[in-house]
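# Coordinates in review
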Amino acid sequence: MNVISQIEALLFVAGEDGLSAAELAKLTDYDKGAIPGLVDELWQKLNDNEGPLTIRSADGRYVLVTKPAFGKVVSAYFDLPVNSKLTQPQLETLVIIAYQQPITRVEIDQIRGVRSAGTIQKLQLHQLIEAVGRKEEIGRPILYGTTADFLDYFGLGSLGDLPELPDIHDVILSDEQRDELALFDDIDENGDKLADEKESEQSRESD
């Protein structure tokens, strides 16, 4: 696998957040100074064929985007009714953003356990979420929040009208799920087992 293909794959999964030269260098084990030239090679490769993708550079980050010539057909896809297009992953991501906003894509990925770049892009094109700023940390990742269209779609007057999330102890669980949840009752805030402490106390009392 050559480095050009690696860069293309990385930019694809990074979505609209894109990647900087430093990040691409770290991920591909190439010298940072060589990355701009390699990205230019990829840009040339993409633009020499009739494929739909190209590379855009903004704020020192490289982003894989569709070519302007494909704008009409892409817009037509996203003009389809939202009702028929929201999938389970999209709904999960939308709920996370609604309750945790502002939130970055990486934070969403950590909660869901899977990459959400494509899902986030679709939610943006449906105008249910939008970029609301950048987080002040390395890479300055994009922060996402819900839009006015999100409120209209769910019939909400404001974010304050969102229903409260249920306490996990109020949810009806199976016996197996209760056993799994009980394991956390024996762990303190530092991740240590409380059971070990209880056993030690009982042992001292018996002595």
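It should be emphasised that the depicted structure is a prediction, and the values quoted were computed from it without experimental measurement.

## Considering the side chain of Thr104
Turning to its location among the elements, Thr104 is positioned in strand β4 (residues 103–104). Take Thr104: its relative accessible area is 3%, and that puts it in the buried class. When residues no more than four places from it in sequence are discounted, the contact partners of Thr104 are Lys135, Pro141, Ile142, Leu143 and Tyr144.

## Regarding the pattern of salt bridges
The full count for this structure, using the stated rule, is 8 salt bridges. For Asp109, the salt bridge is made with Arg105, and the minimal N-O distance between the two is 3.0 Å. Here Asp109 pairs with Arg105, and both are found in helix α6 (residues 105–112), just 4 residues apart, close to one helical turn. In terms of burial, Asp109 and Arg105 fall into one category: buried. In this structure, the salt-bridge partner of Glu107 is Lys135, at a minimum N-O distance of 2.5 Å.

## Let's talk about the packing of aromatic side chains
For the structure shown, the criterion picks out 2 aromatic pairs. For the ring pair Phe150 and Phe154, a centre distance of 5.1 Å and an interplane angle of 55° mean the geometry is tilted. Classification of Phe150 as buried rests on a relative accessible area of 3%. In this structure Phe154 comes out as partly exposed when scored by relative accessible area, which is 39%. Centroid distance Tyr153 to Phe154: 4.7 Å. Interplanar angle 85°. Geometry classified as edge-to-face. Through a chain of ring-to-ring contacts, three or more aromatic side chains come together here, namely Phe150, Tyr153 and Phe154.

## Looking at the sheet that holds strand β3 (residues 61–66)
A sheet is described by the order of its strands in space; here 3 strands give the open sequence β1-β3-β2, paired in antiparallel fashion. Two strands bound the open sheet, and with one partner strand each, they are β1 (19–20) and β2 (53–58). Examined bridge by bridge, β1 and β3 share 2 bridges and lie antiparallel to one another. Bridged to Ser20 within β3 is Arg61. Across the sheet, helix α1 (residues 3–14) touches β1, β2 and β3, and the angle it forms with β3 is around 80°.

Quick notes on the rules
Residues numbered from 1 in each chain as written. Predicted model: local features only at pLDDT ≥ 70, side-chain atom pairs only at ≥ 80, totals over all residues. Heavy atoms only, no water. Helix = DSSP H or I, 4+ residues; strand = E, 2+ residues; numbered from the N terminus. Buried < 20%, exposed > 50% of the residue type's maximum accessible area, 1.4 Å probe, protein only. Contact = heavy atoms within 4.5 Å. Salt bridge = Lys/Arg side-chain N within 4 Å of Asp/Glu carboxyl O. Phe/Tyr/Trp six-rings, centres within 6.5 Å; stacked < 30°, edge-to-face > 60°. Pairing = 2+ DSSP bridges. Axes fitted to C-alpha atoms, helices over the stretch in contact; angles between N-to-C directions.

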